[in-house]
Amino acid sequence: MTETSHATAAVIEAEVREGTYGDRVAAVEPGGAEFIPLGDRHGRPYQQFWTWVSPNMEFATVFVGIIGVWFFGLSFWAAALAVVLGTALGSLSMGALAARGPLFGVPQMVLSRIGFGFLGNILPAGINSVVAGIGWFAVNSVSGAFALNALLGWNSKICLLIIVVLQIAVAFFGHNLVHMFERVAFPFLVVVFLIASVVIMSKANLGGHASNSVGGFLVTVGAAFGYAAGWNPFASDYTRYLPPDTSRRATGLWAGLGVFISCVVLEIVGAAAATVTPIGKYANNPTAGFTSHLATPLADVTLLAIALGAICANALNVYSGSMSFLALGIRLPLALRRAIVALVFGVVGFFVALSGLHDAGTKYTNFLLVISYWIGPWLGVFFADPFLRRGKH
């Protein structure tokens, strides 16, 4: 495939991925960010639902709702509204991006070359490789480590190492194992978080007084958008294996709903928990504060679910981070180049996560806002390009 930069047409530049992979799970995915051969295409659109629900069943999602109440002084209802608005925007763009995967058959950051060109795409692909493969990896690793620490009482660094090793293992094998892991984790995560959510909502102070400043509301909208849209640069990474004649509408709908429903539910529960959780007592381990309202057996199971959810999220982050790195056009003469890059990103992310074990709440808030700063302009260019080209690709 070749790329042109005429005013009315664009073709993605991407080689065809070598090797045979199919739907095998116990096999390392070959190649890198190349076009997926038609013989390797498989899957159904509805599988996108659990692929995007499972990675959001974690405390990093919950904490987006906590941010509005703890740090910006919003009431529960104001925080809930901000969460719905911000998440809806990020989920709409998620669906639109995921829908393109089956037809084009390449990762999201290769698709980005249509609007940015090969050289121009180096910037967003480079940013996403760092944000996903290292930044998000560190954020979710810290979340999972806090959960294990609260559950087992082990040293937080040992807990972090356990979480990181499991995440890297899933991402190393690649696309099929990632999808299977999300599917297997899905029922356990959903059931546990639903039960915990009901209990926490029953104890929350939903009518409490708050300042509800416009600035705090808008920043919370931005944080919720940043969290949902943080998945946008990964969208077609997990739909590019679908057959090219797969319904674009169904693909986009299932992916968008997976992000929207999971994020809105857990972030609203987070806002509810924040109304009855003192920030001073749990600032160093907000995960323990969230589960402090649950009976011990349920709290322990919820902590386990939080750790599992972090692994689900970071399997995607490391996988897509490696895809973005390879989309820079860097040629590695290795059959397992994607797997090797994922391994390197995981190791680097571990050391970054070590620095995030202290003052995690403030660092996470800043990280979410940074994501909004770069993804917004990237989405603007990506979606404006088809209109400027009159949709002729």
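The structure displayed is predicted, hence computed values, not measured ones.

Cut-offs and rules
- Residues numbered from 1 in each chain as written.
- Predicted model: local features only at pLDDT ≥ 70, side-chain atom pairs only at ≥ 80, totals over all residues.
- Heavy atoms only, no water.
- Helix = DSSP H or I, 4+ residues; strand = E, 2+ residues; numbered from the N terminus.
- Buried < 20%, exposed > 50% of the residue type's maximum accessible area, 1.4 Å probe, protein only.
- Contact = heavy atoms within 4.5 Å.
- Areas by Shrake-Rupley, 256 points an atom, 1.4 Å probe, with all protein chains shown as cover.
- Patch = residues over 30% accessible without salt bridge, like charges linked within 9 Å, V, L, I, M, F, W, Y side chains within 5 Å.
- Salt bridge = Lys/Arg side-chain N within 4 Å of Asp/Glu carboxyl O.
- Phe/Tyr/Trp six-rings, centres within 6.5 Å; stacked < 30°, edge-to-face > 60°.
- pLDDT = per-residue confidence, 0-100.
- Axes fitted to C-alpha atoms, helices over the stretch in contact; angles between N-to-C directions.
- Parallel < 35°, antiparallel > 145°, perpendicular 65-115°, else oblique.
- Left-handed = near helix turned anticlockwise from the far one by under 90°.
- Nonpolar A, V, L, I, M, F, W, Y, C, P; charged D, E, K, R; others polar.
- Core = buried A, V, L, I, M, F, W, Y, C linked by side-chain atoms within 4.5 Å.
- Polar contact = N/O pair within 3.5 Å; in protein donor to acceptor, adjacent residues only side chain to side chain.
- Expected span 1.5 Å × (residues − 1).
- Bend = angle between axes of the 7 residues up to and from the residue.

**Student:** In this structure, what is going on with the overall build of the protein chain? I would like to understand it.
**Tutor:** Regarding its fold elements, the protein chain presents 16 helices and zero strands. The buried share of the protein chain, taken over its 393 residues, is 59%. Sequence-distant contacts in the protein chain: of pairs separated by 6 or more residues, those separated by 24 or more amount to 83%. A total of about 14800 Å² of accessible surface is found on the protein chain, and carbon and sulfur atoms cover 71% of it.

**Student:** Whenever I open this one, a nonpolar patch on the surface confuses me. Can you help?
**Tutor:** Together, Tyr 46, Leu 253, Trp 254, Leu 257, Ile 261 and Val 265 make up a nonpolar patch on the protein surface, roughly 490 Å² of accessible area in all. When you line up the elements, Trp 254 lands in helix 11 (residues 248-274). For Trp 254, a relative accessible area of 32% gives the class partly exposed.

**Student:** Teacher, can you tell me more about the pattern of salt bridges here?
**Tutor:** Oppositely charged side chains can form a pair if their charged atoms are brought close together. As enumerated under the stated definition, the model contains one salt bridge in all. Notably, a salt bridge pairs Glu 29 with Arg 240, separated by 3.1 Å at the nearest N-O pair. Of the two residues, Glu 29 sits in the segment before helix 1 (47-53) while Arg 240 sits in the loop between helix 10 (214-229) and helix 11, which places them 211 residues apart along the sequence. A residue is classified by how much of its surface remains accessible, and Arg 240, at 0% relative accessible area, is buried.

**Student:** Would you mind going over the packing of aromatic side chains with me for this structure?
**Tutor:** What describes a pair of aromatic rings is the distance from one ring centre to the other and the angle between the planes of the rings. One pass over the structure, following the stated rule, counts 19 aromatic pairs. Each ring, one from Trp 378 and one from Phe 382, has its centre 5.5 Å from the other, and the planes form 45 degrees; the classification is tilted. Of this pair, Trp 378 and Phe 382 both sit in helix 16 (residues 360-388), separated by four residues, roughly a single helical turn. An aromatic cluster is built from Tyr 46, Phe 49, Trp 50, Phe 186 and Trp 254, whose rings are joined through pairwise contacts.

**Student:** Quick question: what am I supposed to make of the confidence of the model for the protein chain here?
**Tutor:** Detailed reading of the predicted model is not advised wherever pLDDT is low. Put simply, the protein chain has an average pLDDT of 86, and 88% of its residues get 70 or more. Mean pLDDT across the elements of the protein chain bottoms out in helix 12 (residues 279-282) (67) and peaks in helix 1 (97). pLDDT under 50 marks residues 1-9. Its contacts with residues more than four places away, or in other chains, come to 23 contacts.

**Student:** It is not clear to me how the packing of helix 7 (residues 122-152) against helix 14 (residues 296-326) should be interpreted in this structure. Could you clarify?
**Tutor:** Between two packed helices, the angle of one axis relative to the other and the distance separating the axes together describe the packing. Across the interface, helix 7 lies against helix 14 with an axial gap of 8 Å and an inter-helix angle of 165 degrees. Viewed along their axes, helix 7 and helix 14 adopt a mutual orientation that is roughly antiparallel. For the pair helix 7 and helix 14, the sense of crossing is left-handed. Looking at the contact of helix 7 with helix 14 residue by residue, the classes come out as 16 nonpolar, eleven polar and one charged.

**Student:** I keep staring at the environment of Trp 374 and nothing clicks. Help me out?
**Tutor:** Inspection of the secondary structure puts Trp 374 in helix 16. By relative accessible area, Trp 374 is classed as buried at 11%. In the structure, Trp 374 is positioned 246 residues away from Asn 128 in sequence and 9.4 Å away in space, judged by C-alpha atoms. Leaving out residues up to four positions away in the same chain, Trp 374 has contacts with Met 109, Pro 124, Ile 127, Asn 128, Val 131 and Pro 233.

**Student:** What exactly am I supposed to notice about the nonpolar core here?
**Tutor:** It is characteristic of soluble globular proteins that their nonpolar side chains tend to be buried jointly. By size, the foremost hydrophobic cluster in this structure holds 61 residues, and its most contacted members are Phe 59, Ile 66, Leu 189, Phe 193 and Phe 290. The greatest single-element share of this core, amounting to nine residues, is contributed by helix 14. When neighbours within four sequence positions are excluded, Phe 59 is seen to be in contact with Ile 66, Ser 143, Pro 286, Thr 287, Phe 290 and Ile 306. Ranked by size, the runner-up nonpolar core spans 49 residues in total, among them Val 110, Trp 136, Val 178 and Cys 263.

**Student:** What is the right way to read the side chain of Ser 54 from this model?
**Tutor:** Turning to its location among the elements, Ser 54 is positioned in the loop between helix 1 and helix 2 (59-70). Within polar-contact distance, the side chain of Ser 54 engages the backbone oxygen of Glu 182 at 2.8 Å. Those residues in contact with Ser 54 that lie beyond four places of it in its chain are Glu 182, Ala 185, Phe 186, Leu 189, Gly 309 and Cys 312.

**Student:** Help me understand the side chain of Asn 56 in this model?
**Tutor:** Along the chain, the position of Asn 56 falls in the loop between helix 1 and helix 2. Separated by 2.9 Å, the side chains of Asn 56 and Trp 231 make a polar contact. Setting aside residues up to four positions removed in sequence, Asn 56 forms contacts with Thr 61, Tyr 227, Trp 231, Gly 258, Val 259, Ser 262, Cys 263 and Leu 266.

**Student:** Got a minute to help me understand the packing of helix 9 (residues 175-203) against helix 14 in this structure?
**Tutor:** Contact geometry for helix 9 and helix 14: axes closest at 9 Å, N-to-C directions at 145 degrees. Like other packed secondary-structure pairs, helix 9 and helix 14 cross with a definite hand, here left-handed. The residue makeup of the contact of helix 9 with helix 14, split by class, is 21 nonpolar, three polar and one charged.

**Student:** Got a minute to help me understand the environment of Val 25 in this structure?
**Tutor:** Mapped onto the elements of the fold, Val 25 is located in the segment before helix 1. Residues Val 25 and Phe 173, 148 residues apart in the sequence, show an inter-C-alpha distance of 8.0 Å.

**Student:** Looking at this model, I keep getting lost on helix 7. Mind explaining?
**Tutor:** Since one α-helical turn is 3.6 residues long, residues separated by three or four positions face the same way. Across its 31 residues, helix 7 extends 43 Å between first and last C-alpha, which sits within 8% of the 45 Å expected from 1.5 Å per residue. Of all bends in helix 7, the biggest is about 35 degrees, found at Val 131. Among the 31 residues of helix 7, 23 are classified as buried, and the element is accordingly described as predominantly covered. Count one or two residues on from helix 7 and you reach Gly 153, which has phi positive near 75 degrees.

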